[in-house]
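# Summary of structural features
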Amino acid sequence: MEELLERSFQFIEQSGWFAPLFFVLLHVFRQVLFIPVLLICLLGGYLFGTIYGSLYSIIGLTALSVVFYGLIHILPSMKDKLTALKQRFLKDKHQLTLPQMMIMRLMPFIHFHLVSLYLIESTRNVKDYTKYSFLVSIPPAVVYTAFGDMIHELPLAGTVVFAVFLAVLFLFFRKKRTNIRWNDFFSPKNS
């Protein structure tokens, strides 16, 4: 898997003016390859810089959302599974606002298509869905891509130190244990 990912990155980097097209397609097909959105956006910042990487990521994430819209109508079992996930994740029956969905899309641990399902349920047609998907894709594309560009601008020693710092931070938080159950964390408090 890592070899395929590395080859994909090299292919995009060496593709010249086709690179943005391949990058957008990588966004669309990333779910088949089990690559997180965060990693693809970081790659966009590294390869294209903050401005162009963000633009290509927004286009790619919006295209992915449109493909999801089509798939969810073709495969009702996928919609049922995501609906069950949504009901377990958020107990409240209220509709999320656009800023709330933007924040959820920015969180790397929230399933990408969970927000897309909310958008499908809160819009009337594919045109509205596409517009809101575009808007909701802006925060993660800009933030993650800018971070990828920043890593690219660091000298090699700075990048290595930063990577080690993130690894240590990851291990530090991984060892912590909590006694709060998943359902207790996401259920509303009783007054």
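Throughout this document, residue positions are counted from 1 along each chain, in the order its sequence is written. Totals for whole chains, interfaces and linings use every residue, but because this is a predicted model, local features are given only for residues with pLDDT of at least 70 and side-chain atom pairs only at 80 or more, for both listing and counting. Excluding hydrogens and water, the side-chain values take into account all heavy atoms of the structure.

## Comments concerning the overall build of the chain
Going by this rule: A run of H or I in DSSP counts as a helix once it spans at least four residues, and a run of E counts as a strand once it spans at least two, with each numbered from the N terminus. Residue exposure (1.4 Å probe, protein chains only): buried if accessible area is under 20% of the type maximum, exposed if over 50%, otherwise partly exposed. Contacts: residue pairs with any heavy atoms within 4.5 Å of one another. Where accessible areas are quoted, they stem from the Shrake-Rupley method and a 1.4 Å probe; at the residue level, only the protein chains shown are allowed to cover.
A tally of helices and strands in the chain yields 9 helices and 0 strands. Across the 191 residues that make up the chain, the buried fraction comes to 35%. Long-range contacts, defined as pairs at least 24 residues apart, comprise 69% of the intrachain contacts of the chain with a sequence gap of at least 6. With an accessible surface of roughly 12,500 Å², the chain has 68% of that area assigned to carbon and sulfur atoms.

## So, helix α5 (residues 98-106)
Spelled out, the test is: Here the arc refers to the set of directions running from the helix axis out to each C-beta atom.
Taken as a whole, α5 has its buried residues at Met-101, Met-104 and Arg-105. Viewed along the axis of α5, the buried residues span an arc of 100°, placing them on a single side of the element.

## Quick look at the packing of helix α2 (residues 19-29) against helix α3 (residues 37-74)
Stated precisely, the cut-off is as follows: To get an axis, a line is fitted to the C-alpha atoms, and for a helix only the part in contact is used. The angle between two axes follows their N-to-C directions and goes from 0 to 180 degrees. An angle counts as roughly parallel when it lies under 35 degrees, as roughly antiparallel when it exceeds 145, as roughly perpendicular when it falls between 65 and 115, and as oblique in every other case. Two helices crossing with the near one rotated counterclockwise from the far one by less than a right angle form a left-handed crossing, whereas a clockwise rotation gives a right-handed crossing. Put simply, Ala, Val, Leu, Ile, Met, Phe, Trp, Tyr, Cys and Pro go in the nonpolar bin, Asp, Glu, Lys and Arg in the charged bin, and everything else, Gly too, in the polar bin.
Two numbers describe how α2 lies on α3: the axes approach to 7 Å, and their chain directions differ by 50°. The pairing of α2 with α3 is recorded here as oblique in orientation. Helix-helix and strand crossings are classified by hand; for α2 and α3 the assignment is right-handed. Class assignment of the residues belonging to the contact of α2 with α3 gives a composition of 16 nonpolar, 5 polar and no charged.

## A short note on the confidence of the model for the chain
Selection criterion: As a per-residue measure, pLDDT reflects the predictor's confidence and takes values from 0 up to 100.
Summing up the model confidence of the chain, the mean pLDDT is 79 and the portion of residues at 70 or higher is 77%. Here helix α9 (residues 182-186) is the element of the chain with the lowest mean pLDDT, 60, and α3 is the one with the highest, 90.

## Quick notes on the packing of aromatic side chains
Defined as follows: Side-chain rings of Phe, Tyr and Trp, where Trp is taken by its six-membered ring, are said to pair if the distance between their centres is within 6.5 Å; with planes under 30 degrees apart they count as stacked, over 60 as edge-to-face, and otherwise as tilted. For a Lys NZ or an Arg CZ to count as sitting over a ring, it must be within 6 Å of the ring centre and within 35 degrees of the ring normal.
According to the stated counting rule, one finds 5 aromatic pairs in the structure shown. Where Phe-48 meets Tyr-56, the ring centres are 5.0 Å apart and the plane angle is 85°; that geometry is what we call edge-to-face. Between Arg-30 and the ring centre of Phe-112, over which it is positioned, the NZ or CZ distance is 5.2 Å. A cation over a ring is seen here: Arg-105 above Phe-112, with NZ or CZ 3.8 Å from the ring centre.

## Observations concerning the pattern of salt bridges
Basically, it comes down to this: When a carboxyl oxygen of Asp or Glu lies within 4 Å of a side-chain nitrogen of Lys or Arg, that pair is called a salt bridge.
Overall, the coordinates contain 1 salt bridge when judged by the stated rule. In this structure, Asp-128 and Arg-124 form a salt bridge, with 3.4 Å as the shortest nitrogen-oxygen distance. On the basis of relative accessibility, which here comes to 16%, the residue Asp-128 falls in the buried class. Since its relative accessible area comes to 75%, Arg-124 is described here as exposed.

## Considering the side chain of Thr-145
Of note, Thr-145 is situated in helix α7 (residues 126-153). Look past the residues within four positions of Thr-145 in its chain and what remains in contact with it is Cys-41, Gly-44, Gly-45, Gly-49, Thr-50, Gly-53, Ser-54, Ser-57 and Pro-140.

## Side note on the nonpolar core
This is how it is decided: Nine residue types can take part in a nonpolar core, namely buried Ala, Val, Leu, Ile, Met, Phe, Trp, Tyr and Cys, and a core is a set of them joined through side-chain atoms within 4.5 Å.
One finds Phe-68, Met-101, Met-104, Val-115, Ile-120 and Tyr-129 to be the most contacted residues of the largest nonpolar core, which totals 16 residues. Those elements that place two or more of their residues in this core are α3, α5, α6 (112-122) and α7. In terms of residues, this core owes the most to one element, α6, which gives 6 residues. Apart from residues no more than four positions distant in its own chain, Phe-68 is found in contact with Met-78, Leu-82, His-113, Ser-116, Leu-117, Ile-120 and Tyr-129. Counting 10 residues, the second-largest nonpolar core is a separate cluster that includes Ala-19, Phe-23, Phe-48 and Tyr-56.

## A few points about the environment of Tyr-132
Secondary-structure assignment places Tyr-132 in helix α7. In this structure Tyr-132 comes out as partly exposed when scored by relative accessible area, which is 29%. For Tyr-132 and Met-101, which are 31 residues apart along the polypeptide, the C-alpha to C-alpha distance reads 9.6 Å. Setting aside residues no more than four positions away along its own chain, Tyr-132 makes contact with Leu-98, Leu-119 and Thr-123.

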